[in-house]
Amino acid sequence: MQPRKIVILGSTGSIGTQAIDVVDAAPHRFEVVALSAGGGNLELLAQQAVHTKVQAVGIAKGDPQVLRRLIDAAAAEAGVRHFAPEIFAGSDASTRIAGIGCDVVLNGITGSIGLEPTLAALGTGATLALANKESLIVGGALVKAAASPGQIVPVDSEHSAIAQCLRSGTDQEVEKLILTASGGPFRGRTREELHNVTPQEALAHPTWDMGLMVTTNSASLVNKGLEVIEAHLLFDVPLDRIEVVVHPQSVVHSMVQFVDGSIIAQASPPDMRLPIALGLGWPDRVPRAAQACDWTQATSWTFEPLDTVAFPAVDLAKDAAKQGSTFPAVFNAANEEAVEAFHAGRIRFTDIVDTVESVLSEHSGSSELTVESVLDAERWARARTLDRLASSTL
Ligand SMILES: NC(=O)C1=CN([C@@H]2O[C@H](COP(=O)(O)OP(=O)(O)OC[C@H]3O[C@@H](n4cnc5c(N)ncnc54)[C@H](OP(=O)(O)O)[C@@H]3O)[C@@H](O)[C@H]2O)C=CC1
Ligand SMILES: CC(=O)[C@@H](O)[C@H](O)COP(=O)(O)O
Ligand SMILES: [Mn+2]
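Residue positions are given per chain, counting from 1 as you read along its sequence in written order. Each chain gets a letter, beginning with A, and each ligand a number, beginning with 1, in the order they are written. Residues qualify for local features only when their pLDDT is at least 70, as the model is predicted, and side-chain atom pairs are given and counted only at 80 or more; totals for whole chains, interfaces and linings, by contrast, use all residues.

Draft legend 1. View of the overall build of the chain. Numbering goes from the N terminus for both helices and strands, where a helix is a DSSP run of H or I of at least four residues and a strand is a run of E of at least two. For the chain, the count of helices and strands is 17 helices and 12 strands. In this treatment the radius of gyration is a C-alpha quantity, and the globule benchmark scales as 2.2 Å times the residue count to the 0.38 power. For the chain, the C-alpha radius of gyration of 21 Å lies close to 21 Å, the compact-globule estimate for 394 residues. When its C-alpha atoms are laid out on the principal axes, the chain stretches across 60 × 55 × 40 Å. Three exposure classes are used. Buried residues have 20 or more other C-beta atoms within 10 Å of their own C-beta, exposed residues have 12 or fewer, and partly exposed residues fall in between, all C-beta atoms being placed from the backbone. When each of the 394 residues of the chain is scored for burial, the buried share is 49%. By the criterion used throughout, residues are in contact when their C-beta atoms, derived from the backbone, lie within 7 Å. For the chain, long-range pairs separated by at least 24 residues make up 70% of all intrachain contacts whose partners lie at least 6 apart in sequence.

Draft legend 2. Geometry of helix α5 (residues 115-124). Across the 10 residues that make up α5, a large majority, eight, are buried. If you check which residues of α5 are buried, you get Leu-115, Glu-116, Pro-117, Thr-118, Leu-119, Ala-120, Ala-121 and Leu-122. Looking at the residues trailing α5, positive phi occurs at Gly-125, about 90°.

Draft legend 3. Up close: helix α1 (residues 14-25). For α1, with 12 residues, the first-to-last C-alpha span of 17 Å sits near the 16 Å given by 1.5 Å per residue. Along α1, the residues that are buried comprise Ile-15, Gly-16, Gln-18, Ala-19, Ile-20, Val-22 and Val-23. Check the buried side of α1 and you find it contacts β1 (4-9), β2 (30-37), α2 (42-52), β5 (104-107) and α13 (273-281). Multiplying 1.5 Å by the helix residue count minus one yields the expected span of that helix.

Draft legend 4. Seen up close, the nonpolar core. If you look at the biggest cluster of nonpolar residues, it comprises 117 residues, and the most contacted ones within it are Ile-6, Val-7, Val-105, Leu-106, Ala-317 and Val-330. The biggest single contributor to this core is helix α15 (residues 327-343), with 10 residues. Residue contacts for Val-7: discarding those within four places in its chain leaves Val-33, Ala-34, Ile-97, Ala-98, Ile-100, Cys-102, Val-105 and Leu-106. Joined through C-beta atoms within 7 Å, a set of buried Ala, Val, Leu, Ile, Met, Phe, Trp, Tyr and Cys residues constitutes a nonpolar core.

Draft legend 5. Summary view of the environment of Ile-347. Mapped onto the secondary structure, Ile-347 falls in the loop between α15 and α16 (349-362). Judged by local crowding, Ile-347 falls into the buried class, with 21 C-beta atoms found within 10 Å. Along the chain, Ile-347 and His-195 lie 152 residues apart, while their C-alpha atoms are 9.9 Å from each other.

Draft legend 6. Structural detail: the site of ligand 2. Any residue qualifies as near a molecule or strand once its backbone-derived C-beta atom lies within 6 Å of it. Taken together, the neighbourhood of ligand 2 is formed by Asp-156, Ser-157, Glu-158, Ala-181, Ser-182, Gly-184, Trp-208, Val-214, Ser-218, Asn-223, Lys-224 and Met-272. Of all the secondary structure elements, the ones that give two or more residues to the shell around ligand 2 are α8 (157-165), α11 (212-220) and α12 (222-235). Looking at the shell around ligand 2, its residues break down into four nonpolar, five polar and three charged. Gly counts as polar in this scheme, as do all residues outside two lists: the nonpolar Ala, Val, Leu, Ile, Met, Phe, Trp, Tyr, Cys and Pro, and the charged Asp, Glu, Lys and Arg.

Draft legend 7. Quick look at the site of ligand 1. In the vicinity of ligand 1 lie 31 residues, with Gly-10, Gly-13, Gly-38, Gly-40 and Gly-211 positioned nearest. At the level of elements, α1, β2, α6 (133-139) and α11 are the ones that each hand at least two residues to the shell around ligand 1. Of the residues forming the shell around ligand 1, the biggest block, three residues, is contributed by α1. In this document the domain limits rely on a domain assignment from an automatic tool or a database. The two domains that each donate at least three residues to the shell around ligand 1 are domain 1 (4-154) and domain 2 (155-306).

Draft legend 8. Broad picture of the sheet that holds strand β7 (residues 152-154). Two strands qualify as a pair provided that DSSP identifies no fewer than 2 bridges between them. What the seven strands build is an open sheet, ordered β4-β3-β2-β1-β5-β6-β7; its pairing is parallel. Here the strands that pair on one side only, and so sit at the sheet edges, are β4 (86-89) and β7. Adjacent strand axes in the sheet meet at a mean angle of 20° when their direction is disregarded. Judged from the four bridges that link them, β5 and strand β6 (residues 127-130) form a sheet pairing that is parallel. Across the sheet, the residue bridging to Val-105 is Leu-128, located in β6. In this description, a line fitted to the C-alpha atoms serves as the axis of each element, helices being fitted only across the stretch in contact, and the angle between N-to-C directions of two axes falls anywhere from 0 to 180 degrees.

Draft legend 9. Representation of the UniProt feature "domain: 1-deoxy-D-xylulose 5-phosphate reductoisomerase N-terminal" (unreviewed entry) in the chain. Within the UniProt annotation, "domain: 1-deoxy-D-xylulose 5-phosphate reductoisomerase N-terminal" (unreviewed entry) is assigned to residues 6-140. The straight-line gap between the two end C-alpha atoms of residues 6-140 is 25 Å; of that span, 45% is helix and 21% is strand. UniProt positions are given in the numbering used here, feature names are shortened, and annotations may be inferred rather than shown by experiment.

Here's what the structure looks like:
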C-alpha cells in the first residue's frame, strides 16, 4: 500500500510538530508533501521542509527569499542535495497549499484565519483532519455544505473520542454527548478570584502543552464553549443534548450516552499524537501511536459539574450557536481579539468573556451565511472589541 500523502497546515505549532512526529514514526503509512505556517518561525519551517522533503512550502508573512536561503542552509547541513520546494508566500499561501491535492490535509492553524484553507481542502476532495476547530465554528453550515459525508475527521481530542465512541452505536441510539473539560488552571476559583490572574498563570495548563490561544481558551472555558459548537456541527446532535463535565485528569476524552443509559467513553493519557494519528489514518488506527493507560499504577479519575457562574463561556457559546448565522463567528473573533489584549496586559482575565458577551449582544446577524458575510461579521466584531477595550481601564 502506498503511503498516504499528507499536507500539514500550521506545521510549526503544537499540532503541526506532533503531526510530523506521527509521520516519522509511521513512514510506511504517511508521507508529508507540503507544509505551511504563519511565518513566525522560518528556521523551524525550513528544517521541517528539508526533513520531510516536501514539494511545497507556504508562509503567510515573512520574506520568501529568506525562507529559501534558510532551506538551502538546512539542506546543506543535512547533506540533502538538489532540494528546491516551491514556495508560496502571502495571506493566501495556506489556502493554496491546502488546494495542491493530496490524500489528507491536516489543518493545524490557530484561529478563524483557517476558514479559507479548510474550504480549499474540502474542495479538493481530500480528507480534512481538523484540529482548527475555529474554521468549522465560524463557517458553520458553509463548511458542512462543502464537505461530503465523512470528509471531515476530527483531531480535537474530545471530538476524536466521540467519533470513536459513536462507532459502537447508530444515530438513533445516541441520547447525548458528554464533553470532558480539564477545568484549566483556575478550576475551583470564584469569579472574584479570577479578576487578577496573570497571563503566565493562564498559560499553565494542568494537563496539555498547547499553543497560546487554545491554552488561554482552556483557562476561560471558551475552548469548551467552542467545542460544544464543534460537536453540534460535527455530529448533528442538538445543543441541548451536549453536556460538559469537568474531569481534571484529561484521561477520559469524552463520552457518548446511549438511549438505554449506557455510556461509552474513550480514555488514554493526554497525548495529542493519538488523535492526530487517528485523524491521518482514519478509519484505521496507527499501532503504538501513543502510550495506553498503565493499570499497574493506582490512579483516580474524578468528575465534577462545571461552575457556570465563574465560567460563563460555555453557556454563552451555546446561546451564540442557537442564534446561528454569524453569531458563532462573532463569539470567536471577539474572543481572539480579547485574548490578544489580555496577553498584551491591556485587560483583565474576566474582561475576555465579558467583552465577548457584550459584543455578541450588539450583533444583529446576517441574513445569509456566505464566506463574505462571515468575514464581514468577523471584521465588525474585531473592531467593536477593540473599541470597547480601548475604553476599558485595568
Ligand atoms: N495544541 C493542541 O494540543 C490542540 C490544538 N487544537 C487546535 O489546533 C489548532 C492549532 O493549535 P496549536 O497547534 O496549539 O497552535 P500553535 O499556536 O502552537 O500553532 C499555530 C500554527 O498556526 C500557524 N499560523 C498562524 N497564523 C497562520 C496563518 N495566517 N497562516 C498559516 N499558518 C498560520 C503558526 O505558524 P507560526 O507560529 O510559525 O507563524 C503555527 O504553525 C487550534 O485551532 C487549536 O484550537 C485542538 C486540540 C488540541
Ligand atoms: C487537547 C485538546 O483537545 C484541547 O482542546 C483540550 O480540550 C484543552 O483542554 P481543556 O479545554 O479541557 O482544558
Ligand atoms: Mn479539545
